[in-house]
Amino acid sequence: MSKAHVGRIGLVGGALVALTLHIGAADNARQIVEEAQKRTDAKSQRYEGLLQVFDAKGTIGDKRWSFERLGSHGQSRAVLRFIAPAEVKGVALLVVNHPDRASDQWMWTPAIERDRRIALQDRSTRFFGTDFSFEDLEERDVNQYEYTLAGDDAVDGAACWKIESKPRESKSSQYTRSIVWIRKDNYAFARIENYVKDEVVRRLNYSNIQNVQGIWTAKQLEMIDLRRNSRTRLTLDKLEYNAPLKDEDFTLQAIRRQ
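Residues numbered from 1 in each chain as written. Predicted model: local features only at pLDDT ≥ 70, side-chain atom pairs only at ≥ 80, totals over all residues. Heavy atoms only, no water.

Peer 1: Please clarify how the overall build of the protein should be interpreted in this entry.
Peer 2: Secondary structure summary: the protein contains two helices and 13 strands in total. A buried classification covers 45% of the 258 residues belonging to the protein. Within the protein, contacts between residues separated by at least 24 positions form 45% of all contacts whose residues are at least 6 apart in sequence. Within the structure as shown, the protein displays about 13,500 Å² of accessible surface, and the carbon and sulfur contribution to it stands at 50%. (Helix = DSSP H or I, 4+ residues; strand = E, 2+ residues; numbered from the N terminus. Buried < 20%, exposed > 50% of the residue type's maximum accessible area, 1.4 Å probe, protein only. Contact = heavy atoms within 4.5 Å. Areas by Shrake-Rupley, 256 points an atom, 1.4 Å probe, with all protein chains shown as cover.)

Written out as structure tokens, the structure is:
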């Protein structure tokens, strides 16, 4: 195209072209995230996790939890329960995810036989000394964000799409936006960086990605809190999809009983 022809497009024409390109990139970004979510579809999931918390001095504190999830994306329910060490054993978090808003969360503390609802304004706080906030334990459903393709990149040598996601108005979030890296070979998540305004505050790295029952799954996740200069490594074992779980085990009454 000649320079003269470009000039004749004019400001309005140029704006329309730019808008068309932006919409196309946004649509493509959403399709990528939708495909990534589709490939992790399972009726249920459970695992045991080793959590290693490294503070700024490199000190390690170990915890173990069990995790069970039941239901489809955006409408699932999950229970996290600490199984070690003794001082946190039995502490449980019930997360009820919703497709159109933030999750509902309740925490049960057996030592004082008390449960409490986690208020939205408290979702940015750390979950029991780990570098995961309460919000980070929610499910990221594709319909709760707007997406823009931000280019290509590589994580640990794997080619990735780099996608910006911003929470919709209905999605209450501590984060202004996130950058998500999705691998091109298997659509597995490779990294998420969460921003507050223009500052990266948490970075989640996915590694040791394996095919488990046909689902590419990161067996190790590491959440880095850049403001605290600390990190928590979560290593998954006894991982199973489509396990026979029961609806009645994902209620507040159930986590009090166990």
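Peer 1: How should empty space enclosed by the protein be read in this particular structure?
Peer 2: Any space left empty among the atoms is revealed by the rolling of a water-sized probe across them. Taken as a whole, this structure holds two cavities of 30 Å³ or more when the rule is applied. Reported here for the largest cavity is a volume of approximately 1,200 Å³. As for the largest cavity, its lining consists of 45 residues, and the residues nearest its centre are Glu138, Glu139, Arg140, Tyr206 and Leu221. Considering every element that reaches the lining of the largest cavity, the biggest residue donor is strand S12 (residues 215–225), with six residues. Here the lining of the largest cavity is composed, by residue class, of 29 nonpolar, eight polar and eight charged. Taken together, Asn97, His98, Arg101, Ala102, Ser103, Glu138, Glu139, Gln144 and Lys171 form the lining of the second largest cavity. In the lining of the second largest cavity, the residues fall into one nonpolar, four polar and four charged. (1 Å grid on protein atoms, 1.4 Å probe; cavity = no way out; pocket = protein on both sides within 12 Å on 5 of 7 lines; lining within 4 Å. Points joined across faces, edges and corners; volume = space filled by probe spheres on them. Nonpolar A, V, L, I, M, F, W, Y, C, P; charged D, E, K, R; others polar.)

Peer 1: When you look at the nonpolar core in this model, what are you seeing that I'm missing?
Peer 2: Grouped burial of nonpolar side chains is what soluble globular proteins tend to show. Counting 44 residues, the largest nonpolar core has Trp65, Leu93, Phe127, Ile163, Ile182 and Leu234 as its most contacted members. Those residues in contact with Trp65 that sit more than four places away from it in its chain are Tyr47, Glu48, Gly49, Leu51, Leu80, Arg81, Phe82, Ile83, Phe127, Leu137 and Leu234. (Core = buried A, V, L, I, M, F, W, Y, C linked by side-chain atoms within 4.5 Å.)

Peer 1: Even after reading the chapter, I still don't get the environment of Glu222, so can you show me in this structure?
Peer 2: Within the element layout of this structure, Glu222 appears in strand S12. When its relative accessible area of 16% is taken as the criterion, Glu222 is described as buried. It is 9.5 Å that separates the C-alpha atoms of Glu222 and Arg191, two residues lying 31 residues apart in sequence. When residues no more than four places from it in sequence are discounted, the contact partners of Glu222 are Arg203, Leu204, Asn205, Arg231, Thr232 and Arg233. Here the side chain of Glu222 touches Arg231 through a polar contact of 2.9 Å, side chain to side chain. (Polar contact = N/O pair within 3.5 Å; in protein donor to acceptor, adjacent residues only side chain to side chain.)

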